[in-house]
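Residue strings, one per chain:
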Amino acid sequence: NQLGYNIYQNGLAIIGIDNKYGFINEKGKIVVPIVYDKVKKFRNGYAPVCIGHKRIAYEDFQISYEARIINPQWGVVDKEGNLIIQPIYDEIKQITDSYIVYGKDCLYGIIEIQSGLEIIPQHYDDIRILKAAYRLYKENIALPILLGNEKTIKELAINNNLDIDGKVGPTTRK
């Protein structure tokens, strides 16, 4: 068995055993099970976790490559180890105090953490939440920057002012 761990940050450290990863606290107690193929550091109390992140060796034109990543599926856990977003997304791009920007099939949307509802549908080329503004991208063109804070993201979604295609509406995360 191979065992390894990362530096403690915010009271938790990434731990790996036999190519599976999770998190332990400073007392050595496992708080996020060591069952994931890849994990990333906690941000704002949440961490992306991945299943299906397989590395395989392969050769191409007599050149050996160390790894190819096969079908990663990302979700999100909280500091208590609860899986709050199921690992069904191609990417967890950004986590703020209230929202998660996720990607699937090269399109992005936003999930509200507290409710678990998709408040911005997944059909934007990119979404970036900034400190005092956020920007959506459609067909590789940046839409006008929308000023405000995280609360205005939900307000605009609720008022149907954000979605170009008119399909704004909460959907469940599971």
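From a predicted model like this one, the values you see are computed outputs, not experimental measurements. (Residues numbered from 1 in each chain as written. Predicted model: local features only at pLDDT ≥ 70, side-chain atom pairs only at ≥ 80, totals over all residues. Heavy atoms only, no water.)

**Topic: the sheet that holds strand β13 (residues 91–95)**
Logical step 1: Within the open sheet, the 4 strands sit side by side as β13-β14-β15-β16. Their pairing is antiparallel. Whereas interior strands pair on both sides, the edge strands pair on one side only; in this sheet they are β13 and β16 (118–124). The sheet shows a mean angle of 20 degrees between the axes of neighbouring strands, direction not considered.
Logical step 2: Bridging between β13 and strand β14 (residues 99–104) involves 4 bridges; their strand directions are antiparallel. Paired with Ile95 across the bridge in β14 is Ile100. (Pairing = 2+ DSSP bridges. Helix = DSSP H or I, 4+ residues; strand = E, 2+ residues; numbered from the N terminus. Axes fitted to C-alpha atoms, helices over the stretch in contact; angles between N-to-C directions.)

**Here we look at the pattern of salt bridges**
Logical step 1: Within the structure shown, the criterion is met by 2 salt bridges.
Logical step 2: The closest approach of N and O atoms between Asp37 and Lys20, which form a salt bridge, is 2.6 Å. With Asp37 in the loop between β4 (30–36) and β5 (38–39) and Lys20 in strand β3 (residues 20–25), this pair connects stretches of sequence that are 17 residues apart.
Logical step 3: Lys20 sits in the partly exposed class, given a relative accessible area of 28%. (Salt bridge = Lys/Arg side-chain N within 4 Å of Asp/Glu carboxyl O. Buried < 20%, exposed > 50% of the residue type's maximum accessible area, 1.4 Å probe, protein only.)

**Describing the confidence of the model for the protein**
Logical step 1: For the protein, per-residue confidence averages 75 on the pLDDT scale, and residues scoring 70 or more make up 61% of the total.
Logical step 2: Scored below 50 in pLDDT, residues 158–174 shows 35 contacts in the model against residues more than four places distant or in partner chains. (pLDDT = per-residue confidence, 0-100. Contact = heavy atoms within 4.5 Å.)

**Overview of the packing of aromatic side chains**
Logical step 1: Under the counting rule described, the total for this entry stands at 2 aromatic pairs.
Logical step 2: Taken together, a centroid distance of 4.7 Å and an interplanar angle of 65 degrees make the contact between Phe23 and Phe42 edge-to-face. You can see Phe23 sitting in strand β3 and its partner Phe42 sitting in the loop between β5 and β6 (46–51), a full 19 residues away along the chain.
Logical step 3: Residue classification places Phe42 among the buried residues on the basis of a relative accessible area of 8%.
Logical step 4: Aromatic pair Tyr89 and Tyr102: ring centres 4.4 Å apart, planes at 50 degrees, arrangement tilted. Placement of the pair is Tyr89 in strand β12 (residues 83–89) and Tyr102 in strand β14, with a sequence separation of 13 residues.
Logical step 5: By relative accessible area, Tyr89 is classed as buried at 8%. (Phe/Tyr/Trp six-rings, centres within 6.5 Å; stacked < 30°, edge-to-face > 60°.)

**What about the environment of Pro121?**
Logical step 1: Its location among the elements puts Pro121 in strand β16.
Logical step 2: Classification of Pro121 as buried rests on a relative accessible area of 9%.
Logical step 3: For the pair Pro121 and Leu107, spaced 14 residues apart in sequence, the C-alpha separation works out to 9.3 Å.

**A look at the side chain of Asp78**
Logical step 1: Of note, Asp78 is situated in strand β11 (residues 73–78).
Logical step 2: Overall, Asp78 belongs to the buried group, its relative accessible area being 12%.
Logical step 3: In terms of polar contacts, Asp78 uses its side chain to reach the backbone amide nitrogen of Glu80, at 3.1 Å.
Logical step 4: For Asp78, the residues in contact, after removing those within four places along its chain, are Val32, Phe42, Gly45, Tyr46 and Ile84. (Polar contact = N/O pair within 3.5 Å; in protein donor to acceptor, adjacent residues only side chain to side chain.)

**Side note on the pairing of β16**
Logical step 1: Counting buried positions along β16 gives 6 out of 7 residues, so the element sits mostly inside the fold.
Logical step 2: Sheet topology places strand β15 (residues 107–112) next to β16; 3 bridges connect them, and they run antiparallel. Within β16, the residue paired with Tyr108 across the bridge is Tyr124.
Logical step 3: With antiparallel pairing between neighbouring strands as the criterion, β15 and β16 make up a hairpin whose turn holds 5 residues, including Gly116 at a positive phi of roughly 75 degrees.

**Some thoughts on the nonpolar core**
Logical step 1: Ranked by internal contacts, the top residues of the largest apolar core, which has 13 residues, are Val76, Ile85, Ile92, Ile95 and Ile100.
Logical step 2: Counting residues per element, the ones that place at least two in this core are β6, β11, β12, β13 and β14.
Logical step 3: The leading source of residues in this core is β12, at 3 residues.
Logical step 4: Counting 11 residues, the second-largest nonpolar core is a separate cluster that includes Ile14, Phe23, Phe42 and Ala47. (Core = buried A, V, L, I, M, F, W, Y, C linked by side-chain atoms within 4.5 Å.)

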